[in-house]
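Chain residues, written in single-letter form:
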Amino acid sequence: MKEKRFDVVALGELLVDFTDNGLSEQGNTLFEANPGGAPCNVLAMLKKLDRSCAFIGKVGDDLFGRQLRAVAEEAGICMDCLAVDPKVRTTLAFVRKLANGDRDFSFCRNPGADMCLTEEDLPLEVLADCRVFHFGTLSMTHEGVRRATRKAIDHAKEGGALISFDPNLRPPLWDSLEHAREQISYGLGHCDILKIADNELEFMTGETDFDKGAAILRERYPNIRLLNVTAGPEGSCSYYDRLRVFRPALKLGGTIETTGAGDTFCACVLNFVLERGLEGLTEKDLGDMLSFANAAAYLVTTRKGAIRSMPEREQVEELRAVPSLRAVLRSNG
């Protein structure tokens, strides 16, 4: 891949995740303010893997906006392209863990600063100077930011970047699920690398079977060169050319919450692509990619938050090096 200033540039939401942190002495729910937002979570993990990264987005001129910038800069992410809205507040999300392990989201975003990003805010010179451009659909829920996202995709592609997409479906943020489906379809039609969760695969194809759902997407969107399906505690599956590789998730206990796990997985996949490229991948390549990504994602579930919870490369490799674990990672392959 051609030499560029940035390995990965991501566009989208930067927000505060207020995550359920138990009860007070009075029995009231306590929330911990964790800096997050899927695109920036991806970049935070990539920085742990020594990748050069820049973020494009918008926050409010408020306490949370300043905190988010500071935390992202602390993580090593270039924040020169972060716009500040003097009138609209930084987006906030409240996350409660449900008994079945799922999460319930509630957003303060009507409007939120992230959805006020405009085409004029885009740093076109940065978009033309990256190897991979990554985005999701939270930056496609409203007209202005949707136009900015589409322009960014086009400009990055013109500059030779690979396009990475994670739908990251959050139903409460859409005026209708049909609208969400339309925008996800747009993302699917413009990406080279796709990370999609099992519920999103079913949402887009009607299939719960990974292989059938992936086959439908690959037929509809032949531009997708590397398709990865994640299923939380069940594991992940990769589809490339005629190859199909599955690796189970790690079930070692100690899980606190799953916020950021999918973003960590996505970052590890992008790091693999930056190292290996997208030509001539083998079954072993895909298996190694998935086992590393699964291990990193597991480590994040044992910690609170996202941006500040990403593991070091050495921690992931140490986990994978455990003899008994190597057998687990090879099983069901």
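These notes cover the structure that comes with them. (Residues numbered from 1 in each chain as written. Predicted model: local features only at pLDDT ≥ 70, side-chain atom pairs only at ≥ 80, totals over all residues. Heavy atoms only, no water.)

The subject of this paragraph is the overall build of the protein chain. Secondary structure summary: the protein chain contains eleven helices and 13 strands in total. Over its C-alpha atoms the protein chain spans a radius of gyration of 19 Å, differing by no more than 12% from the 20 Å that the globule rule assigns to 333 residues. Within the span of the protein chain, comprising 333 residues, buried residues form 57% of the whole. Contacts spanning at least 24 positions in sequence make up 71% of the contacts within the protein chain whose residues lie at least 6 apart. Within the structure as shown, the protein chain displays about 14100 Å² of accessible surface, and the carbon and sulfur contribution to it stands at 47%. (Helix = DSSP H or I, 4+ residues; strand = E, 2+ residues; numbered from the N terminus. Rg over C-alpha atoms; globule rule 2.2 N^0.38 Å. Buried < 20%, exposed > 50% of the residue type's maximum accessible area, 1.4 Å probe, protein only. Contact = heavy atoms within 4.5 Å. Areas by Shrake-Rupley, 256 points an atom, 1.4 Å probe, with all protein chains shown as cover.)

With that settled, the discussion passes to helix α10 (residues 313–321). Val316, Leu319 and Arg320 are the residues of α10 that are buried. Relative to the axis of α10, the buried residues are bounded by an arc of 95 degrees and lie together on one face. Pointing more than 90 degrees away from the buried face of α10 are the exposed residues Glu314 and Glu318. (Arc of directions from axis to C-beta.)

With respect to the element layout, lysine 87 can be found in the loop between β5 (82–85) and β6 (92–97). Separated by 25 residues in the primary sequence, lysine 87 and aspartate 62 have C-alpha atoms spaced 9.6 Å apart.

Before going further, it helps to examine the side chain of aspartate 62. With respect to the helices, strands and loops of the structure, aspartate 62 is situated in the loop between β4 (53–60) and α2 (63–74). Among buried Asp, Glu, Lys and Arg side chains, aspartate 62 stands out as unpaired, with arginine 89 the closest opposite charge at 4.0 Å. With residues near it in sequence (within four places) discarded, aspartate 62 still touches Arg89 and Thr90. (Lys, Arg positive; Asp, Glu negative; His and termini not counted. Salt bridge = Lys/Arg side-chain N within 4 Å of Asp/Glu carboxyl O.)

This next bit is on the pattern of salt bridges. Scanning the model with the defined rule gives 19 salt bridges in all. Taking the shortest distance from any N to any O, the salt bridge between glutamate 74 and arginine 308 comes out at 3.2 Å. Highlighted residues: glutamate 74 in helix α2 and arginine 308 in the loop between α9 (283–301) and α10, separated in sequence by 234 residues. Glutamate 74 sits in the exposed class, given a relative accessible area of 56%.

Before going further, it helps to examine the nonpolar core. Leu14 and Leu226 are the most contacted members of the largest nonpolar core, which totals 56 residues. When residues of this core are traced back to their parent elements, those giving at least two are β1 (6–11), β2 (15–23), α1 (38–48), β4, α2, α8 (261–276), α9 and α10. Residue contributions to this core peak at eleven residues, all from α9. The next biggest cluster of nonpolar side chains, apart from the first, holds 47 residues, and it includes Ile56, Ile163, Ala214 and Cys237. (Core = buried A, V, L, I, M, F, W, Y, C linked by side-chain atoms within 4.5 Å.)

For the rest of this paragraph, the subject is the pairing of β4. The buried count for β4 comes to eight of eight residues, which makes it a mostly enclosed element. Burial along β4 is two-sided: the face carrying Cys53, Phe55, Gly57 and Val59 and the face carrying Ala54, Ile56, Lys58 and Gly60 are both buried. Of the strand pairs in this sheet, β1 and β4 are connected by four bridges, and their pairing is parallel. For valine 8, the partnering residue across the bridge sits in β4 and is cysteine 53. Inspection of the sheet shows β4 paired to β5 by four bridges, in the parallel sense. Paired with glycine 57 across the two strands is leucine 82, which belongs to β5. Running through α2, the crossover from β4 to the neighbouring parallel element β5 is right-handed. (Pairing = 2+ DSSP bridges. Right-handed = clockwise from strand over helix to strand, strands pointing away.)

Next up on the list: the side chain of threonine 90. Among the secondary structure elements, threonine 90 is positioned in the loop between β5 and β6. For threonine 90, a relative accessible area of 4% translates into the label buried. A polar contact is formed between the side chain of threonine 90 and the backbone nitrogen of glycine 60, at a distance of 2.9 Å. Residues within four places of threonine 90 in sequence aside, it is in contact with Leu14, Val59, Gly60, Asp62, Phe64, Gly65, Leu68 and Ala113. (Polar contact = N/O pair within 3.5 Å; in protein donor to acceptor, adjacent residues only side chain to side chain.)

Bringing the packing of helix α6 (residues 198–205) against helix α7 (residues 210–220) into the picture now. Relative to each other, α6 and α7 sit at 60 degrees, their axes nearing to 10 Å. In terms of orientation, α6 lies oblique with respect to α7. Judged by the twist between their axes, the crossing of α6 over α7 is left-handed. From α6, Asp198, Leu201, Met204 and Thr205 reach across to α7, where they touch Phe210, Gly213, Ala214, Ile216, Leu217 and Arg220. Split by residue class, the contact of α6 with α7 holds six nonpolar, two polar and two charged. (Axes fitted to C-alpha atoms, helices over the stretch in contact; angles between N-to-C directions. Parallel < 35°, antiparallel > 145°, perpendicular 65-115°, else oblique. Left-handed = near helix turned anticlockwise from the far one by under 90°. Nonpolar A, V, L, I, M, F, W, Y, C, P; charged D, E, K, R; others polar.)

Function cannot be inferred from these measures alone, as they are strictly geometric.
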